[in-house]
Amino acid sequence: MAIQKVMVIGAGQMGAGIAQVCAQAGFDVLLHDMNTEALEKGLKNIEKLLTRAVVKERITDKDKTDTLNRLKPSNHLKDAQSCDLVIEAVVENMDVKAKVFGDLDVFAPKHAILATNTSSLPITEIAAVTNRPDQVIGMHFMNPVPVMKLVEIIRGLQTSDETYQAIEEMTAKLNKTSVEVADLPGFAANRILMPMINEAIFAVHEGVASVEDVDKVMKLGMNHPMGPLTLADFIGLDTCLYIMEVLYEGFNDSKYRPCPLLRQYVKAGWLGKKSGRGFYQYN
């Protein structure tokens, strides 16, 4: 199936990033959000990133203009009726995603593929609320989307080979590298990453080393570009906790038990960079 028009649901950092790379790759894109303020902010952030890319001579002024011309705002899911692919990037909550996919199954044309950017939730369960489970698939982009090259493609139990192939081909057009991943809790990226972050938090919680020194160990000793606690702040500590809970519940294994300090920070509202404070303070 030829994918020409894409709707991205959710104008936050991930959704706006996905919309940007799709538009830059030549696809017509609808960026959807029920919150008009969030939608305007998402579009402004895309324009800001494109302007920065022009200044750094990564793209031309014409590239920027063409990309913005391919981007249109949307306030209603009914707009999906004109799309070949819908990529959902809303909050990481099964009830919310199930509602979105149930509505999309009504509004999107019969041929349309429905993809989710979930970082940990089961594709099979999301697909089950639709009458087209063979056309539901996971597309887990990495943050920040315009920079990071990887996309995890996750098959649900009933995802068809045709759907997988269409998404694999589209991912290549986005200048991304894809990996095929099984529909298990955390997939591959977060099943590896989140326990490392959780263990780094345990190291601070148990007094093994300070926040700064834990990050130094991983940066200078393991050649990581960013320390795990800095990364956790950028991801959002609430997101980290949620994914650890998905892993803990999904595998029923104590090695995925969220650190009490992580729970405490989230309860305090210390969610990382987005709230101004996490393991570090941000002004």
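Residues numbered from 1 in each chain as written. Predicted model: local features only at pLDDT ≥ 70, side-chain atom pairs only at ≥ 80, totals over all residues. Heavy atoms only, no water.

## Some remarks on the overall build of the protein chain
Selection criterion: Numbered from the N terminus, helices here are DSSP runs of H or I no shorter than four residues, and strands are runs of E no shorter than two. Only protein chains enter the accessibility calculation, which uses a 1.4 Å probe; a residue whose area is less than 20% of its type maximum is buried, one above 50% is exposed, and one in between is partly exposed. In this description, contact between two residues means that some pair of their heavy atoms is separated by no more than 4.5 Å. A 1.4 Å probe and the Shrake-Rupley method give the accessible areas. Residues count as covered only by the protein chains that appear here. His is not counted, nor are the chain ends; Lys and Arg add positive charge and Asp and Glu add negative charge. In plain terms, the charge of a residue is placed at NZ if it is Lys, CZ if Arg, CG if Asp and CD if Glu.
When helices and strands are counted, the protein chain shows 11 helices and eight strands. Taken along the three principal axes of its C-alpha coordinates, the protein chain extends 55 × 45 × 30 Å. Within the protein chain, buried positions represent 47% of all 283 residues. Put simply, of all contacts in the protein chain between residues at least 6 apart along the chain, 67% involve residues at least 24 apart. When the accessible surface of the protein chain is summed, it comes to about 14000 Å², and 52% of that surface belongs to carbon and sulfur atoms. In the protein chain, 30 side chains carry a positive charge and 35 a negative one; their mean positions are 5 Å apart.

## Let's talk about the UniProt feature "domain: 3-hydroxyacyl-CoA dehydrogenase NAD binding" (unreviewed entry) in the protein chain
The condition is simple: UniProt positions are given in the numbering used here, feature names are shortened, and annotations may be inferred rather than shown by experiment.
As recorded in UniProt, the feature "domain: 3-hydroxyacyl-CoA dehydrogenase NAD binding" (unreviewed entry) lies at residues 5-183. As annotated, residues 5-183 has a helix share of 41% and a strand share of 22%, and its two end C-alpha atoms lie 27 Å apart.

## Some thoughts on the UniProt feature "domain: 3-hydroxyacyl-CoA dehydrogenase C-terminal" (unreviewed entry) in the protein chain
Those residues carrying the UniProt feature "domain: 3-hydroxyacyl-CoA dehydrogenase C-terminal" (unreviewed entry) are residues 186-282 in this numbering. Annotation note: span residues 186-282, helix share 61%, strand share 0%, distance between end C-alpha atoms 28 Å.

## Quick notes on the pairing of strand S4 (residues 85-88)
Put simply, the rule reads: Two strands form a pair only when DSSP identifies at least two bridges running between them. We call a crossover right-handed when, viewed with both strands directed away from the observer, the connection leading from the first strand over the helix to the second proceeds clockwise.
Alternating residues of S4 divide into Leu 85 and Ile 87 and Val 86 and Glu 88, and every residue in both groups is buried. Two strands pair when backbone bridges link them, and S4 and strand S5 (residues 113-116) are joined in this way by four bridges, in the parallel orientation. Looking at the pairing, Val 86 lines up with Leu 114 of S5. Traced from S4 through helix H4 (residues 94-107) to S5, the parallel crossover comes out right-handed.

## Details of the sheet that holds strand S6 (residues 136-141)
Quick note on the threshold: To get an axis, fit a line to the C-alpha atoms, keeping to the stretch in contact for a helix; angles then go from 0 to 180 degrees between the N-to-C directions.
Spatially, eight strands are ordered S3-S2-S1-S4-S5-S6-S7-S8 in an open sheet, and the strand pairing comes out mixed. Looking along the sheet, the strands with just one partner apiece sit at the ends: strand S3 (71-74) and strand S8 (177-181). Strand after strand, the sheet turns through a mean of 25 degrees between neighbouring axes, direction not considered. In terms of strand pairing, strand S7 (residues 150-155) meets S8 through five bridges, oriented parallel. Across the sheet, residue Val 151 finds its bridge partner in S8, namely Ser 178.

## Some details on unusual backbone geometry
Only a minority of non-glycine residues have a phi that is not negative, and only a minority of peptide bonds are not trans. At the junction of Asn 143 and Pro 144, the peptide bond is cis and its omega measures out at 0 degrees in the coordinates. Its location among the elements puts Pro 144 in the loop between S6 and S7. Of note in this structure, Glu 57 is not a glycine but carries a positive phi near 60 degrees. With respect to the helices and strands, Glu 57 occurs in the loop between helix H2 (36-55) and helix H3 (61-69). Of note, the phi angle at Asn 223 is positive, near 65 degrees, even though the residue is not glycine. When you line up the elements, Asn 223 lands in the loop between helix H8 (211-221) and helix H9 (228-235). Given the relative accessible area of 68%, Asn 223 is considered exposed.

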